[in-house]
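Here's the letter readout for the chains.
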Amino acid sequence: MPYDPTIYLGSAVHYRCGRPMYSPELEAFLAHELGLDGSGRLLDAGCGPGILTVRLANLFEQVIGLDPDGDMLAEGCRAAEKAAVGNIRWVQGLAEDLPAVAPGPYQLVTFGQSFHWTDERLVAEAVYDMLEPGGALALIVHTVTGRPQPPDPGVPAIPHDEIEALVRKYLGPTRRAGQGTAQQRAHRFEDVLARTRFGVPQPFFLPGIPDLLRDSESVLSGYLSLSSSAPHLFGDRLDDFAGEVRALLANRSPEGIFWDWPGDTEVLMARRPN
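Here's what I pulled together on the structure shown here. (Residues numbered from 1 in each chain as written. Predicted model: local features only at pLDDT ≥ 70, side-chain atom pairs only at ≥ 80, totals over all residues. Heavy atoms only, no water.)

## A look at unusual backbone geometry
Piece 1. Looking along the chain, the bond that leaves leucine 98 and enters proline 99 is cis, with omega of 5°.
Piece 2. Structurally, proline 99 can be placed in the loop between strand E3 (88-92) and strand E4 (106-112).
Piece 3. The omega angle of the peptide bond from glycine 104 to proline 105 is 5°, so this bond is cis rather than trans.
Piece 4. Look at alanine 84: it is not a glycine, yet its phi comes out positive at around 60°.
Piece 5. Position of alanine 84 relative to the elements: it lies in the loop between helix H4 (70-82) and E3.
Piece 6. At glutamine 113, a position not held by glycine, the phi torsion is positive, near 55°.
Piece 7. Counting through the fold element by element, glutamine 113 comes out in the loop between E4 and helix H5 (120-130).
Piece 8. Classification of glutamine 113 as partly exposed rests on a relative accessible area of 25%. (Helix = DSSP H or I, 4+ residues; strand = E, 2+ residues; numbered from the N terminus. Buried < 20%, exposed > 50% of the residue type's maximum accessible area, 1.4 Å probe, protein only.)

## Here we look at helix H6 (residues 160-171)
Piece 1. Relative to the 16 Å expected for 12 residues at 1.5 Å per residue, H6 spans 16 Å between its end C-alpha atoms, a close match to the ideal helical length.
Piece 2. Residues of H6 that are buried include every one of Ile163, Leu166, Val167, Tyr170 and Leu171, and no others. The arc that holds the buried residues of H6, viewed along the axis, is 115°, so those residues lie on one side. The exposed set on the far side of H6, more than 90 degrees from its buried face, consists of Asp161 and Lys169.
Piece 3. Taken together, the buried residues of H6 touch strand E6 (176-177), helix H8 (216-224) and helix H9 (238-252).
Piece 4. Where H6 ends, the next residue or the one after it, glycine 172, has phi of about 95°, a positive value. (Expected span 1.5 Å × (residues − 1). Arc of directions from axis to C-beta. Contact = heavy atoms within 4.5 Å.)

## Here's the deal with the state of the cysteines
Piece 1. Per the stated rule, a full pass over the model turns up 0 disulfides.
Piece 2. Here cysteine 47 is not disulfide-linked; the sulfur of cysteine 77 is the nearest cysteine sulfur, at 11 Å.
Piece 3. By relative accessible area, which is 7% here, cysteine 47 ends up buried. (Disulfide = S-S within 2.5 Å.)

## Here's the deal with the packing of H8 against H9
Piece 1. Viewed as axis vectors pointing N to C, H8 and H9 meet at an angle of 135°, and their least axial separation amounts to 10 Å. Here H8 lies oblique to H9, going by the angle between them. Two packed elements cross with a definite hand, and for H8 against H9 that hand is right-handed. For the pair formed by H8 and H9, the contact residues are Ser216, Glu217, Val219, Leu220 and Leu224 on the first element and Leu238, Phe241, Ala242, Val245, Arg246 and Leu249 on the second.
Piece 2. Taken together, the residues of the contact of H8 with H9 sort by class into 8 nonpolar, 1 polar and 2 charged. (Axes fitted to C-alpha atoms, helices over the stretch in contact; angles between N-to-C directions. Parallel < 35°, antiparallel > 145°, perpendicular 65-115°, else oblique. Left-handed = near helix turned anticlockwise from the far one by under 90°. Nonpolar A, V, L, I, M, F, W, Y, C, P; charged D, E, K, R; others polar.)

## Digging into the side chain of arginine 19
Piece 1. Tracing the backbone shows arginine 19 in the loop between helix H1 (12-18) and helix H2 (26-34).
Piece 2. Among buried charged residues, arginine 19 stands out as having no salt bridge; its nearest opposite-charge side chain is aspartate 260, 9.6 Å away.
Piece 3. Of note is the side chain of arginine 19, whose polar atom sits 3.0 Å from the side chain of tyrosine 15.
Piece 4. Side-chain polar atoms of arginine 19 contact the side chain of serine 225, separated by 2.7 Å.
Piece 5. Ignoring any residue separated from it by four or fewer positions in sequence, one finds arginine 19 in contact with Tyr8, Ile51, Gln113, Gly222, Ser225 and Leu226. (Lys, Arg positive; Asp, Glu negative; His and termini not counted. Salt bridge = Lys/Arg side-chain N within 4 Å of Asp/Glu carboxyl O. Polar contact = N/O pair within 3.5 Å; in protein donor to acceptor, adjacent residues only side chain to side chain.)

## Some details on the pairing of strand E11 (residues 264-271)
Piece 1. Within E11, 7 of the 8 residues are buried, which leaves the element mostly enclosed by the surrounding structure.
Piece 2. Sheet topology places strand E5 (residues 131-143) next to E11; 8 bridges connect them, and they run antiparallel. By the bridge assignment for E11, histidine 142 is matched with threonine 265.
Piece 3. Relative to E11, strand E8 (residues 202-206) is paired through 5 bridges, and the arrangement is antiparallel. Counterpart to glutamine 202 in the pairing with E11 is methionine 269. (Pairing = 2+ DSSP bridges.)

## Some points on the packing of aromatic side chains
Piece 1. Under the counting rule described, the total for this entry stands at 9 aromatic pairs.
Piece 2. Taking the centre distance of 5.0 Å and the plane angle of 75° together, the rings of tyrosine 128 and phenylalanine 198 count as edge-to-face. Here tyrosine 128, found in helix H5, pairs with phenylalanine 198, found in the loop between helix H7 (189-194) and E8; they are 70 residues apart in sequence, far enough to count as distant. Both residues of the pair, tyrosine 128 and phenylalanine 198, count as buried.
Piece 3. With a centroid separation of 6.2 Å and 65° between ring planes, the pair formed by tyrosine 170 and phenylalanine 234 is classed as edge-to-face. Of the two residues, tyrosine 170 sits in helix H6 while phenylalanine 234 sits in the loop between H8 and H9, which places them 64 residues apart along the sequence.
Piece 4. On the basis of relative accessible area, phenylalanine 234 is assigned to the buried category, the value being 6%.
Piece 5. Connected via pairs of aromatic rings, a cluster forms that spans Tyr8, Tyr15 and Trp117.
Piece 6. Here the basic side chain of arginine 19 rests over the ring of tyrosine 15, its NZ or CZ set 4.1 Å away from the ring centre.
Piece 7. Seen from the ring of phenylalanine 205, arginine 147 lies directly overhead, with NZ or CZ sitting 4.0 Å from the centre. (Phe/Tyr/Trp six-rings, centres within 6.5 Å; stacked < 30°, edge-to-face > 60°. Lys NZ or Arg CZ within 6 Å of the ring centre and 35° of its normal.)

And the structure:
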């Protein structure tokens, strides 16, 4: 499927404040599992506004953040400057254009909830050739299904069902994505990687944040950061949608605070042999 530059149009400014964080154990896990010592190189593909890129930068000597969306890269650059991280180079390009747009070798290549946007098998084979011997490809996602839910911390949960009903009210029953509709993925990443030179990958689960609290504006930004409810899809009705979401949230929690359980952090790791 050709890249659609409108997939996340208007979403970049909402992404960092609207998306929940990965497990606080992620850095320590990757460092231990891969023997990271501050040397080597990282490629964060489909990096968006650099959430993983900035967070993992201190584990490497050099980092590349790759994304086709210029607005996302600009947000990532601002986040890196704010965090005083100076070893990241931001590259605008598609994962399908690897290795030309960001040549290797790399010790680690990550996809943070972005691998599904790519030609998965083609990209995985390209990444294999870009890794150092013993290097790894890591697909990092939030996983709720099959993971034990922590106890309710006594704060209202985000009313996702009702917000999603509002999205359908404004955008229709078909899940949108850019100028088209969202494709339903009927396969597993494990099965794709098993058919490449990587072979069967290994899944790891890291504990998510059990008591993550978010305010109403963060909840709204979370929806506006999604390709299925990106700001441009609402046209001149964006303010109306945002107003209805804010009113709903105020009704569910007068204090404007909500519990979020995005699940545990799953790291699906495939290695190039030594």
